[in-house]
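# Survey of secondary and tertiary structure
Spelled out, the chains give:
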Amino acid sequence: MKNVGALKRLGIIFLVLLNIGCDQISKDVVRKNVTPSDYIQVVDDYFILTNVENTGAMLGFGDTFPRMVKIILLQILPVLILVILLFRILRKKHLNKWSVVAFAFVIGGGIGNLIDRIAYGSVTDFFQIKLGVFRTGIFNMADVSVTTGVLLLLFLSVQNKKMEL
């Protein structure tokens, strides 16, 4: 029985590290090969590759905050939240495997962006999708991880509510 718990914890750590690795490698490739503010059409004008440094959070939120407020809100607070979340899912005995995957994606993506904020003072964003009137902000692989994890958690939550009815 202890082996199952240890295996689960190793799986969580592996998924978190996989998400961080994909994020950091993709950002490194973009930093080295894409000139800042380039506009590279990967798939016509639907999928764009660029290189933008975001000193705020999602969609630049907090970009104009004073330096100390940014450090507290965009570095210290997220570190605390992610460490607590990781500790809790590592210790949780009865967590469904898809919840584990979802939390690992959220944590891995969050850590990926935190690494950038701490190491560079900004987060490298580089993808944009344009489909008719639908247009995303510029994002990165950490954002994809966090969004995937959150959407999976929402889906699981809705499924659990349906099963209770």
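You'll find the structure just up there.
Let me sum up the structure you'll find in this document. (Residues numbered from 1 in each chain as written. Predicted model: local features only at pLDDT ≥ 70, side-chain atom pairs only at ≥ 80, totals over all residues. Heavy atoms only, no water.)

Attention now moves to the sheet that holds strand E3 (residues 123-131). Taken together, the four strands give an open sheet; going across it, the order is E1-E2-E3-E4, and neighbouring strands pair in antiparallel fashion. Each edge of the open sheet is held by one strand with a lone partner, namely strand E1 (40-43) and strand E4 (134-135). By the bridge criterion, three bridges tie E1 to strand E2 (residues 47-54) in an arrangement that is antiparallel. Paired with Ile 40 across the two strands is Leu 49, which belongs to E2. (Pairing = 2+ DSSP bridges. Helix = DSSP H or I, 4+ residues; strand = E, 2+ residues; numbered from the N terminus.)

Going through the model one piece at a time under the given rule, you end up with three aromatic pairs. Here the aromatic rings of Phe 127 and Phe 139 are separated by 5.8 Å at their centres, their planes lie at 50°, and the arrangement is tilted. With Phe 127 in strand E3 and Phe 139 in the loop between E4 and helix H4 (141-164), the pair connects residues that are twelve residues apart, well separated along the chain. Classification of Phe 139 as buried rests on a relative accessible area of 16%. Ring-pair connections join several aromatic residues into one group, and the members of that group are Phe 47, Phe 126, Phe 127 and Phe 139. (Phe/Tyr/Trp six-rings, centres within 6.5 Å; stacked < 30°, edge-to-face > 60°. Buried < 20%, exposed > 50% of the residue type's maximum accessible area, 1.4 Å probe, protein only.)

Let us look at the nonpolar core. Of all hydrophobic cores here, the largest spans eleven residues; its members are Ile 12, Leu 15, Val 16, Ile 20, Leu 82, Ile 89, Leu 90, Val 100, Ala 104, Ile 107 and Leu 114. Elements represented by at least two residues in this core include exactly helix H1 (2-33), helix H2 (67-91) and helix H3 (97-120). If near-sequence neighbours (up to four positions away) are discounted, Ile 107 is found in contact with Val 16, Leu 82, Leu 85, Leu 86 and Ile 89. Val 34, Phe 126, Phe 127 and Phe 139 belong to the second largest nonpolar core, which has six residues in total. (Core = buried A, V, L, I, M, F, W, Y, C linked by side-chain atoms within 4.5 Å. Contact = heavy atoms within 4.5 Å.)

It is worth spelling out the pattern of salt bridges at this point. Applying the stated criterion across every chain yields a total of four salt bridges. Across the salt bridge formed by Asp 23 and Lys 27, the nearest N and O atoms sit 2.9 Å from each other. One end of the pair is Asp 23 and the other is Lys 27, both in helix H1 and four residues apart, which spans about a single turn. One exposure class covers both Asp 23 and Lys 27, and it is buried. (Salt bridge = Lys/Arg side-chain N within 4 Å of Asp/Glu carboxyl O.)

This next bit is on the environment of Gln 24. Note that Gln 24 resides in helix H1. According to the relative accessible area criterion, Gln 24 is buried, its value standing at 18%. Considering only alpha carbons, one finds Gln 24 and Asp 116, 92 residues apart in sequence, at a separation of 8.4 Å. Apart from residues no more than four positions distant in its own chain, Gln 24 is found in contact with Gly 112, Ile 115 and Asp 116. Separated by 3.2 Å, the side chains of Gln 24 and Asp 116 make a polar contact. (Polar contact = N/O pair within 3.5 Å; in protein donor to acceptor, adjacent residues only side chain to side chain.)

From the geometry alone we can't say anything about function, so treat these as descriptive.
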